[in-house]
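Per-entry structural report
Chain by chain, the residues run as shown.
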Amino acid sequence: MDIIFGNNEPPSFVTKEDFLVSSTLILDAKYGRNMNFRKERVKAYLFYNMWHQRALLYLSLFINLALAIFEKPAVPNFELSTWATMLIEFLCLLFFIFRIIHTAYVEKMENFCLDRKYIIVIIIIVLTILDMLCYIVWIVTEPRANVIRWSRSLRPFLCVNFPEGRQVRQAFRNIRRSLPEVFNIFILFTLTLCLFALLALKLYSSKNLYFPDGTPYFQYYIDAVWQLYILVTTANNPDVMMPAYDYSNWWALFFVVVIIVLLYTFMSIVLAAIYNSYRDNLKNEVKEVIYAKRRKLTDAFEILQEKKHGHYVITKNCWMELMKYVVPKRSVKQHELLLHVLDQDQNNSVKKTQFLYLADLLMLPLTEVWDRMTLLEKYFPRLYNSPISSVIKTIVKHRFFRWFFDILIFINAWIIGFSIKEADWFFLSIFFLEILFKLYTFGGVKFFKQFWNMFDFFVVVGALILTTYNYIENKVKDDSYILDLFLVMRVLRLFRTFASIKRFRLIIMTIVNITPSIFTYGAVMLVFYYFYAVIGMEIFHAARLYFLTFHICCVVIVLNIFTAFILEAFVLEYTLSKGRKLETVLERTLKKLGFGIRGSSDKPFTSDDSDSDLESIPDNTSAKGLQFHIKKKSKKTMHMMLQEMFEEEIEMEKF
């Protein structure tokens, strides 16, 4: 099939504002933004989503959280004056107020006024300002008073409730929806704990035993409940059982039974219940996101649609103009290719059911031959493709090159283990040459896209610089702790060797791929830990209640949710690691359309099939025509993988 690339005028009934609104809706669907912006204020909405605006928000949130390090009671040697920290906090609050006003300006007012996240942000800002005013009055009128800044514990909830924290909010909703399942089990757990406390009271109260600090041993019921609950956390294990064990070895069996029932049995049941509830809630969350994404795409389609042969479609002319707004940095050839991927009927138009896949299609990495060339290949093709250069590239791309350096990594680890420091210069030099050869062959862009390449560069170059500095300054190596750290980190390169072994590669790459998604639940844990840390610094009255709620919220619930997330993420990534549906469709379309290097290869396109850092890259300097390259093993966020898992269950007819 021949495709003629050219400039086509968009339909006259569609204005530039229509294209701008439609492209914004498509980008919202692509990036998962769910704000219902006012169409007449689309330019203000685009400014709202500019990278520098989001960067300022993240910076303000970070500074606002970091103030706890410098405020009284501060980390030793980091305390700043009260007025300095309050001024910084006030500046952060000013930006938060500007951000919330900007949000109210671009979002539909009925949505803004009823949205709980905006209400929570406004309440936190108002409470913080009131707390700051009260604090100023107290320290001015009563300088010796012990005044508490209680609003500091609310700071992490700002991170959750700004629109940019949507993934963290989804995690919180998932936790909230999982609570009913946990609550029923926790009631049974509490009743069992109280029963064991009653048994402990009857068994030990008459023995006149004492803890090593002189405290009576299980003489009061509330203390018995508290001691056994701490035993479930393992914080007082085995100290709590030692007085009974000293009295009689057999009395310790009671605590063994308590640990088996309350810790291993009940806590495992809690994890199982949370995991089961987590899957159902996660599925509902993903479905809601997919529905929202398709609503955005449907709105964009209806703005640009026109009726052809009894069907509403977006014509080719309209499509080409739309892509200038959606992906302006892509070439006209890629705009045309995207149309033909979606246009399965080959009518030079896109139907609504086909258009709904546009956001997913835009997420697929797609590059042309020129984009994949190294700088040397682009600007010095004769040098890069000379006979000597070709021999170097062939050697570097060969599997024996990787095997050779894998063996050297093992030898280097063995030498580090036996503290043979005389060999450091040899290994640093040869590993540095490895990096230079890879940079020459693959180019800096492709080299630094590989995690292990970045790690090797950081470790080897850092160690080489520090070793050279120590040699010039005549320093004793044993006194350089940073250098020792770099040298020891070289041992971690063994994991790169493990990743090159097929049976280990899938597991290691799965762990690497799910790591970015772990930060979502890491942020949830940060919110809880920050909240309790601030309260703990100020208040230690009712200490038992404080630590009880901390353990229930942060350990029993949040950590189990985190474990459930890891389990689900690992299973999902492990299951879906062999291919993606849309990539297969795209590859098949590329073959059908005949995009390839004419006269140089039978393959119409190339794809990354390996997780290795030594993937083969063809020399494209002499190529003519058009060739596209799909990154087959590109990393996907957990959110994208979950959408792929559940999207088939949603009926397309609803749209």
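Residues numbered from 1 in each chain as written. Predicted model: local features only at pLDDT ≥ 70, side-chain atom pairs only at ≥ 80, totals over all residues. Heavy atoms only, no water.

Labelled according to an unreviewed UniProt entry, the protein chain appears under the name TPCN3, originating from Acanthosepion pharaonis. Here is the UniProt Subcellular location (unreviewed entry) comment for the protein chain, exactly as written: "Membrane". (UniProt positions renumbered as here; feature names shortened; annotations may be inferred.)

Helix and strand counts for the protein chain come out as 28 helices and eight strands. Considering only residue pairs separated by 6 or more positions, the protein chain has 73% of its internal contacts joining residues 24 or more positions apart. Carbon and sulfur atoms make up 65% of the accessible area of the protein chain, which totals about 34,900 Å². (Helix = DSSP H or I, 4+ residues; strand = E, 2+ residues; numbered from the N terminus. Contact = heavy atoms within 4.5 Å. Areas by Shrake-Rupley, 256 points an atom, 1.4 Å probe, with all protein chains shown as cover.)

This paragraph deals with the pairing of strand E2 (residues 311-315). By the bridge criterion, three bridges tie strand E1 (residues 306-308) to E2 in an arrangement that is antiparallel. The residue of E2 that forms the bridge with Lys308 is His311. Following E1, the chain reverses through two residues before pairing antiparallel with E2; His309 in that reversal takes a positive phi of roughly 55 degrees. The sheet contact formed by E2 and strand E3 (residues 349-351) spans three bridges and is antiparallel. Within E3, the residue paired with Ile314 across the bridge is Val350. (Pairing = 2+ DSSP bridges.)

To continue, consider the packing of helix H4 (residues 82-106) against helix H6 (residues 116-141). The interhelical angle for the contact between H4 and H6, taken along N-to-C directions, is 155 degrees, at an axis separation of 11 Å. Classified by the interaxial angle, the pair formed by H4 and H6 is roughly antiparallel. Like other packed secondary-structure pairs, H4 and H6 cross with a definite hand, here left-handed. Of the residues in H6, those touching H4 at Thr82, Trp83, Met86, Glu89, Phe90, Leu93, Phe96, Ile97, Ile100 and Thr103 are Tyr118, Val121, Ile122, Ile125, Thr128, Ile129, Met132, Tyr135, Ile136 and Ile139. Grouping the constituent residues of the contact of H4 with H6 by class yields 16 nonpolar, three polar and one charged. (Axes fitted to C-alpha atoms, helices over the stretch in contact; angles between N-to-C directions. Parallel < 35°, antiparallel > 145°, perpendicular 65-115°, else oblique. Left-handed = near helix turned anticlockwise from the far one by under 90°. Nonpolar A, V, L, I, M, F, W, Y, C, P; charged D, E, K, R; others polar.)

A cluster of nonpolar side chains, Leu56, Leu59, Phe62, Ile63 and Ile88, forms an exposed patch at the surface whose accessible area comes to about 430 Å². Take the nonpolar patch: its biggest share by element is four residues, from helix H3 (residues 51-70). (Patch = residues over 30% accessible without salt bridge, like charges linked within 9 Å, V, L, I, M, F, W, Y side chains within 5 Å. Salt bridge = Lys/Arg side-chain N within 4 Å of Asp/Glu carboxyl O.)

A word on the pattern of salt bridges. Tallied over the entire structure, the rule returns 16 salt bridges. Lys316 serves as the salt-bridge partner of Glu336, at 2.7 Å between the closest nitrogen and oxygen. Highlighted residues: Glu336 in helix H13 (residues 332-342) and Lys316 in helix H12 (residues 316-326), separated in sequence by 20 residues. Residue classification places Glu336 among the buried residues on the basis of a relative accessible area of 0%. (Buried < 20%, exposed > 50% of the residue type's maximum accessible area, 1.4 Å probe, protein only.)

Looking now at unusual backbone geometry. In this structure, the amide linkage connecting Asn237 to the following residue, Pro238, adopts the cis form with an omega of 10 degrees. Positionally, Pro238 belongs in the loop between helix H9 (221-232) and helix H10 (242-247). A positive phi angle, close to 55 degrees, is found at Asn208, a residue other than glycine. Locating Asn208 in the fold gives a position in the loop between helix H8 (166-204) and H9.

With that settled, consider the nonpolar core. Note that soluble globular proteins tend to have their nonpolar side chains buried in a common cluster. Formed by 59 residues in total, the largest nonpolar core has its most connected members in Ile26, Phe96, Trp319 and Phe355. Of the residues forming this core, the biggest block, eight residues, is contributed by H4. For this core, the domains that each give at least three residues are domain 1 (50-161) and domain 3 (295-368). The contact partners of Trp319, leaving out residues within four places of it in the chain, are Ile314, His335, Leu338, Leu339, Leu342, Val350, Phe355 and Leu358. With 58 residues, the next largest nonpolar core counts Leu231, Ile290, Tyr521 and Val527 among its residues. (Core = buried A, V, L, I, M, F, W, Y, C linked by side-chain atoms within 4.5 Å. Domains from an automatic or database assignment.)

Turning our eyes to something else, we now look at the side chain of Ser349. Locating Ser349 in the fold gives a position in strand E3. Other than its neighbours up to four places away in sequence, Ser349 contacts Val313, Ile314, Thr315, Leu339, Asp343 and Gln354.

One can find Trp319 in helix H12. Taking the relative accessible area as the measure of exposure, Trp319 reaches 0% and is therefore buried. Trp319 sits 20 residues away from Leu339 along the chain, and the two C-alpha atoms are 7.4 Å apart.

The next thing to look at is the packing of H8 against helix H11 (residues 253-304). At a minimum axis distance of 7 Å, the contact between H8 and H11 shows a crossing angle of 170 degrees. When the interaxial angle is binned, H8 and H11 end up roughly antiparallel.

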